[in-house]
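# Tertiary structure, described
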Amino acid sequence: MSGYLLLEDGTSYKGNLNGEDSEGEIVFYTGMTGYQEVLTDPSYQNQIIVFTYPLIGNYGINAVDFESERPQVKGAVFYECCEHFSHYEAAYSVKEYLGKWNIPYISHVDTRSIVKQIRKNGTMKAQLSADCNEIEQSKSITKKLPETQKGITALGEGSIHVALLDFGFKKSILQSFLKRNCKVTIIPYTELGQLAHFQPDAVVLSNGPGDPKELETYLPAIKKIADSYPTLGICLGHQLIALAYGGDTMKLPFGHRGANHPVVDQKKGKVFMTSQNHSYVVTSAHHKEFGVRFINVNDQSVEGMFHQTLPILSVQFHPEAHPGPAESEYIFDEFLEMVLNTRREMVYA
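Predicted, not measured: the structure shown is a model, and the values here were computed from it.

## Structural notes on the domain arrangement of the protein
- Partitioning the protein into domains gives domain 1 (2-129) and domain 2 (153-348).
- Averaged C-alpha coordinates put domain 1 and domain 2 at centres separated by 28 Å.
- With 22 residues of domain 1 at the interface, the matching set in domain 2 holds 19 residues.
- One salt bridge in this structure joins K251 and E25, with 2.7 Å as the shortest N-O distance.
- Put simply, domain 1 and domain 2 have nine residue pairs in polar contact (both at pLDDT 80 or more) between them.

Following this line, the structure appears as structure tokens:
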């Protein structure tokens, strides 16, 4: 049926609406592929995602490329959503998948115009609706803490035991450690107090949605953990490490989202392409104990830090990619080598 995408700035777009009304923060994704991973990425919780590539769904939905158990978005916006997919692994279409989970979507709207509005006015509230009434200006999006999996889960076998602190983790982060022969214990952030019981060799703070400052009550525990274990922070985890050590974060006008963000590794002296999905960044006024190692080539924002004396590394981008280039996967190998070096130092101390 006919429906509308309504933006907080008063702009409206008419298209073909499927599903019930929905409201969320509107953002855009620039990749040509990877829509299955994007729709199931927990970092997109409570957001309506605009796909800028004009044809989405041509290779369908398969059984293996999910980043979580269900779609995480509040809605999706397409120029055209393909019903007749073609891929040997595909099981069903994007429309069937979103319909199964009651995720609304709108198609045949001018996605390039929508992106221009977001770039002009910043990320804003939006609504998918069957009628064209304007959004109430005074009504704000309800902020929610990250949703995580229930309970603590242990997977894999290996000589290095990694505790993955779940703030809304992507499955690909887990798989990156499992394929490197690690044992991984997934611990929801609401159960951080249980971490010491498992005696891990290292800790990873995962990605996740929302404003890192909403998790302020967990910062003392995060600092204590990072002081005690070799620690890697990814995306939201990177921001939480910065805040825990006295740094600060700020919100970007429309975030970094897509699979083609150039980042320079100042240690290696190389530029590589990264996959990113976040609204907030660590400001350059970081804590003096940290040095900046990675910088975004486009806007010079902080893309990663290292602690001057402790085995702590953090990255704003996604080294596991999915979707996106895998050029930064070496971060996992470097971190595990850091863990082994720390173990050696403890043995010979």
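Here the narrative resumes.
## Describing the sheet that holds strand β13 (residues 202-205)
- A sheet is described by the order of its strands in space; here ten strands give the open sequence β10-β12-β11-β13-β14-β19-β18-β17-β15-β16, paired in mixed fashion. For this open sheet the edge positions go to β10 (153-155) and β16 (270-282), each flanked by a neighbour on one side alone. Along the sheet, successive strands turn relative to each other by an average axial angle of 25°, direction set aside.

## Brief notes about helix α3 (residues 111-121)
- Considered for burial, the residues of α3 that qualify are T111, I114, V115, Q117 and I118. All buried residues of α3 fall inside an arc of 155° around its axis, so they share one side. Every exposed residue of α3 that faces more than 90 degrees away from the buried side is listed here: R112, K116 and K120.
- Of the residues trailing α3, G122 is marked for its positive phi of about 85°.

## Things to note about the packing of helix α5 (residues 219-228) against helix α6 (residues 236-244)
- Relative orientation of the contacting elements α5 and α6 amounts to 95°, with a least axis distance of 9 Å. Classified by the angle their axes make, α5 and α6 are roughly perpendicular. From α5, L219, I222 and K223 reach across to α6, where they touch L240, L243 and A244.
- Residue composition of the contact of α5 with α6, grouped by class: five nonpolar, no polar and one charged.

## Brief notes about the pairing of strand β2 (residues 12-18)
- One ladder, built from five bridges, connects strand β1 (residues 2-7) with β2; its direction is antiparallel. Paired with S2 across the bridge in β2 is N16.
- Here β1 folds back onto β2, and the loop between the two strands holds four residues, one of which, G10, carries a positive phi near 100°.
- Bridge count between β2 and strand β8 (residues 105-107): three bridges; the pairing is antiparallel. The residue bridging N18 from the neighbouring strand is Y105, located in β8.

## Considering the environment of D299
- Summarising the element assignment, D299 is placed in the loop between β17 (290-296) and β18 (302-307).
- For the pair D299 and V263, spaced 36 residues apart in sequence, the C-alpha to C-alpha distance is 10.0 Å.
- Only 2.7 Å separates the side chain of D299 from the side chain of H256, close enough to count as a polar contact.
- A distance of 2.8 Å separates polar atoms of two side chains, one belonging to D299 and the other to S301.

## Some remarks on the sheet that holds strand β6 (residues 75-77)
- The seven strands lie next to each other as β1-β2-β8-β6-β4-β3-β9, forming a closed barrel whose pairing is mixed. Ignoring which end each strand starts from, the neighbouring axes of this sheet average 35° apart.
- Pairing of strand β4 (residues 47-51) with β6 involves three bridges; the strand directions are parallel. Residue V50 lies in a different strand from β6, and its bridge partner there is V77.
- Along the sheet, α3 contacts β1, β2, β3 (22-29), β4, β6 and β9 (124-129); its crossing angle with β3, the most-contacted strand, is approximately 95°.

## Section: the UniProt feature "binding site: L-glutamine" (unreviewed entry) in the protein
- The UniProt feature table records "binding site: L-glutamine" (unreviewed entry) at S43, G208, G210, L236, Q239, N277 and Y280. These annotated residues cover 238 residues of sequence, and their C-alpha atoms all fall within 13.4 Å of one another, placing them together at a single site.
- Among the structural elements, G208 can be located in the loop between β13 and α5.
- When sequence neighbours within four positions are dropped, the list of residues in contact with G208 reads S43, F167, G168 and L236.
- Mapping G210 onto the fold places it in the loop between β13 and α5.
- The class of G210 is partly exposed, set by a relative accessible area of 45%.
- Residues contacting G210, with those up to four places away along its chain left out, are L236 and Y280.

## Quick word on the pairing of strand β19 (residues 312-315)
- Residues I312 and S314 line one face of β19 and the alternating positions L313 and V315 line the opposite face, and both faces are buried.
- Across four bridges, the pairing between strand β14 (residues 231-234) and β19 is parallel. Pairing of L232 across the sheet is with L313, part of β19.
- Connecting β18 to the next strand, β19, in antiparallel fashion are four residues.

What counts and what doesn't
- Each chain has its residues counted from 1, running along the sequence as written.
- Two thresholds apply to this predicted model, a pLDDT of at least 70 for residue-level local features and 80 or more for giving and counting side-chain atom pairs, whereas whole-chain, interface and lining totals are computed over all residues.
- With hydrogens and water set aside, each side-chain value is computed from the structure's full complement of heavy atoms.
- The domain limits used here are those given by an automatic or database domain assignment.
- Residues are treated as being in contact if the distance between any of their heavy atoms lies within 4.5 Å.
- Salt bridges are identified by distance alone: a Lys or Arg side-chain nitrogen within 4 Å of an Asp or Glu carboxyl oxygen.
- Here a polar contact is recorded for every N or O atom pair within 3.5 Å, except that within protein the pair must consist of a potential hydrogen donor and a potential acceptor, and residues adjacent in sequence are included only if both atoms are side-chain atoms.
- DSSP bridges decide pairing: two strands pair if at least two such bridges lie between them.
- Secondary structure is summarised from DSSP: a helix means a run of H or I of at least four residues, a strand means a run of E of at least two, and numbering begins at the N terminus for each.
- The convention used is that axes are lines fitted to C-alpha atoms, helices contributing only their stretch in contact, and that angles between N-to-C directions extend from 0 to 180 degrees.
- Each residue's exposure class comes from its accessible area (1.4 Å probe, protein chains only) as a fraction of the maximum for that residue type: buried when under 20%, exposed when over 50%, partly exposed otherwise.
- As used here, the arc belongs to the directions running from the helix axis to the C-beta atoms.
- When describing relative orientation, an angle under 35 degrees is termed roughly parallel and one over 145 degrees roughly antiparallel, while 65 to 115 degrees is termed roughly perpendicular and anything else oblique.
- Amino acids outside the nonpolar list (Ala, Val, Leu, Ile, Met, Phe, Trp, Tyr, Cys, Pro) and the charged list (Asp, Glu, Lys, Arg) are all regarded as polar, and Gly is one of them.
- UniProt positions are given in the numbering used here, feature names are shortened, and annotations may be inferred rather than shown by experiment.

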